[in-house]
Amino acid sequence: MSAKIPVGVLGATGMVGQHFLRFLANHPWFEVTWAGASDRSAGKKFRDATSWRLDGVMPESVAGLTVEECKPGNAPKLVFSATDASVATEIEQAFAGAEHVVVSNSRNHRMESDVALLVPEINADHLAIAAAQRARRGWKGLIVTNPNCSTVVLTMALAPLRQFGITRTVVTTMQAISGAGYPGVSSMDINANVVPFIGGEEEKVEIETQKILGGFEQGAFVPHPMRVSAHCNRVPVLDGHTATISVELSSEPPEQELIAAFAAFRGVPQERNLPSAPAVPVIYMPEKDRPQPRRDVERERGMAVFCGRLRTCPVFGYKFIALGHNTVRGAAGAAVLNAELMKTEGLLD
Ligand code: NAP
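Source: prediction; values computed, not measured.

A. View of the pairing of strand S4 (residues 78-81). Neither face of S4 is left uncovered, since the one carrying Leu78 and Phe80 and the one carrying Val79 and Ser81 both have all their residues buried. The pairing of S4 with strand S5 (residues 101-104) spans four bridges and is classified as parallel. Looking at S5, one finds that Phe80 is bridged to Val103. The parallel pair S4 and S5 is bridged by helix H4 (residues 85-97), and the resulting crossover is right-handed.

B. Representation of unusual backbone geometry in the model. Going from Tyr182 to Pro183, the amide bond is cis rather than trans, its omega being 5 degrees. With respect to the helices and strands, Pro183 occurs in the loop between strand S8 (166-175) and helix H8 (187-190). Note that the residue after Arg290, namely Pro291, is joined by a cis bond; omega there is 5 degrees. In this structure, Glu99 takes a positive phi of about 75 degrees despite not being glycine. One can find Glu99 in the loop between H4 and S5. Phi at Asn273 is positive, roughly 55 degrees, even though this residue is not glycine. Position of Asn273 among the secondary structure elements: in the loop between helix H11 (268-271) and strand S13 (282-285).

C. Highlighting the sheet that holds strand S12 (residues 241-249). Here we have six strands laid out as an open sheet, ordered S11-S8-S12-S15-S14-S13, and mixed in their pairing. Looking at which strands have only one partner, the edges of the open sheet turn out to be strand S11 (227-234) and S13. Across the sheet, the axes of successive neighbouring strands diverge by a mean angle of 25 degrees, strand direction being ignored. Relative to S11, S8 runs parallel, the two being bridged by eight bridges. Considered in S11, the bridge of Thr173 is made with Cys232. Across the sheet, helix H7 (residues 149-158) lies against S8, S11, S12, S13, strand S14 (305-313) and strand S15 (317-324), angled at about 40 degrees from S12, the strand it touches most. Against the sheet, helix H9 (residues 201-213) engages S8 and S11, with an angle of about 145 degrees to S11.

D. Up close: the nonpolar core. With 50 residues, the main nonpolar core has Phe30, Phe46, Leu78, Phe80 and Met342 as its most contacted residues. Of all the secondary-structure elements, those providing two or more residues to this core are strand S1 (5-10), helix H1 (15-24), strand S2 (30-37), helix H3 (60-63), S4, S5, strand S7 (142-145) and helix H13 (328-344). Ranked by residues supplied to this core, first place goes to H13 with eight residues. Counting residues domain by domain, this core receives three or more from each of domain 1 (5-148 + 332-344) and domain 2 (149-325). Discounting residues that sit within four places of it in the chain, Met342 has contacts with Val101, Val103, Leu127, Leu142, Val144, Leu347 and Leu348. Met156, Ile198, Ile212 and Val305 belong to the second largest nonpolar core, which has 39 residues in total.

E. Representation of H1 within the structure. Most of H1 sits inside the fold, with eight of its ten residues counted as buried. Taken together, the buried positions of H1 are occupied by Met15, Gly17, Gln18, His19, Phe20, Leu21, Phe23 and Leu24. Along its buried surface, H1 packs onto S1, S2, helix H2 (46-49), H3, S4 and H13. Count one or two residues on from H1 and you reach Asn26, which has phi positive near 65 degrees.

F. Spatial organisation of the site of the ligand. Neighbouring the ligand are 23 residues; Thr13, Val16, Ser38, Arg40 and Ser41 lie closest to it. Within the backbone of Gly14, an N or O atom sits 3.2 Å from an oxygen atom of the ligand. Measuring from an oxygen atom of the ligand, one finds a side-chain N or O atom of Ser106 at 3.4 Å. Relative to its unbound accessible surface of 900 Å², the ligand loses 76% to contact with the protein.

What counts, and where the lines are drawn
- Residues numbered from 1 in each chain as written.
- Predicted model: local features only at pLDDT ≥ 70, side-chain atom pairs only at ≥ 80, totals over all residues.
- Heavy atoms only, no water.
- Buried < 20%, exposed > 50% of the residue type's maximum accessible area, 1.4 Å probe, protein only.
- Helix = DSSP H or I, 4+ residues; strand = E, 2+ residues; numbered from the N terminus.
- Pairing = 2+ DSSP bridges.
- Right-handed = clockwise from strand over helix to strand, strands pointing away.
- Axes fitted to C-alpha atoms, helices over the stretch in contact; angles between N-to-C directions.
- Contact = heavy atoms within 4.5 Å.
- Core = buried A, V, L, I, M, F, W, Y, C linked by side-chain atoms within 4.5 Å.
- Domains from an automatic or database assignment.
- Near = heavy atom within 4 Å.
- Polar contact = N/O pair within 3.5 Å; in protein donor to acceptor, adjacent residues only side chain to side chain.
- Areas by Shrake-Rupley, 256 points an atom, 1.4 Å probe, with all protein chains shown as cover.

That's the geometry; what it means functionally is another story.
Right, dumping it as structure tokens:
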């Protein structure tokens, strides 16, 4: 590819917006040329409007951009959305209505019946909803979403096991504080502590998992029939959501078959060699005490999910552990991979 595709970021000054900018720096296909935020920031240079909260310095390529209001007009056709959830519905719909392709990290449209909730390794076929969305809404643009940061870890870990017939699963998450944004959880609450409540999280994990692992038949999403129960906890870890998972299958394969299924799992991003795709999307670690967030979460640029400790569960049949990078695979990296998939489907033309 000769010239890069210009892209915009809605909510560029926020935490997730900054993750987008960092993930997109030096991307081989995309180049950030436009940054949108609230009217509090509009008109300022990005470097003046933004307190950079991530490790390292603000990418020089965006520091000099003038922040614009989140209104369609002169933004590039492809925009990544990291706007505040309280305004994301109207903003994303306005952009889609003005022929923009909106690749969103917000929760607002995820469960709509005409919006794909994508994990490209698992349900790339769900992108076929695009035509129905355009027809129903009467717009030429498009909205596509990525899941909640915990849902990504659970679905990537369960996807290789779908072939054995998943009937029920119970997941307990230990979620990093970076998932709460900035300033996030008070240090008085999280230091040397576990907070056993993250508003709305358990419901999101349960319902999004069924949509992602479900099918797409006769133009509609068909949720996976498995029952999902989630317990979500905030723990004093900086980056990386860990999940312990018990799963019931309709067959009784030996544990080695499940481990082989993790290792063999590949999806469309690997087949097409997409720039942000990890070569091996689910990495099974044989060590008895891995994966661990501090040791493993940055491997594979944060785009793989790590599993381990598969063993017998006396209640559900099997249990194991999974780990994923919440702000990369669970947010910015997930959305960029979605856009890469869409590019190869001709949806950015
Ligand atoms: P944030 O740091 O508060 O940033 C919010 C962004 O939205 C800022 O760029 C802000 O611009 C902009 N914004 C606020 N009000 C606006 C308005 N009326 N019009 C246009 N833009 C407006 O929030 P965040 O933590 O990055 O989260 C952003 C989104 O991602 C939310 O939907 C959140 O639920 C979702 N999310 C967050 C995380 C996470 O780890 N934090 C993870 C997954 C999903 P100004 O700087 O000008 O105020």
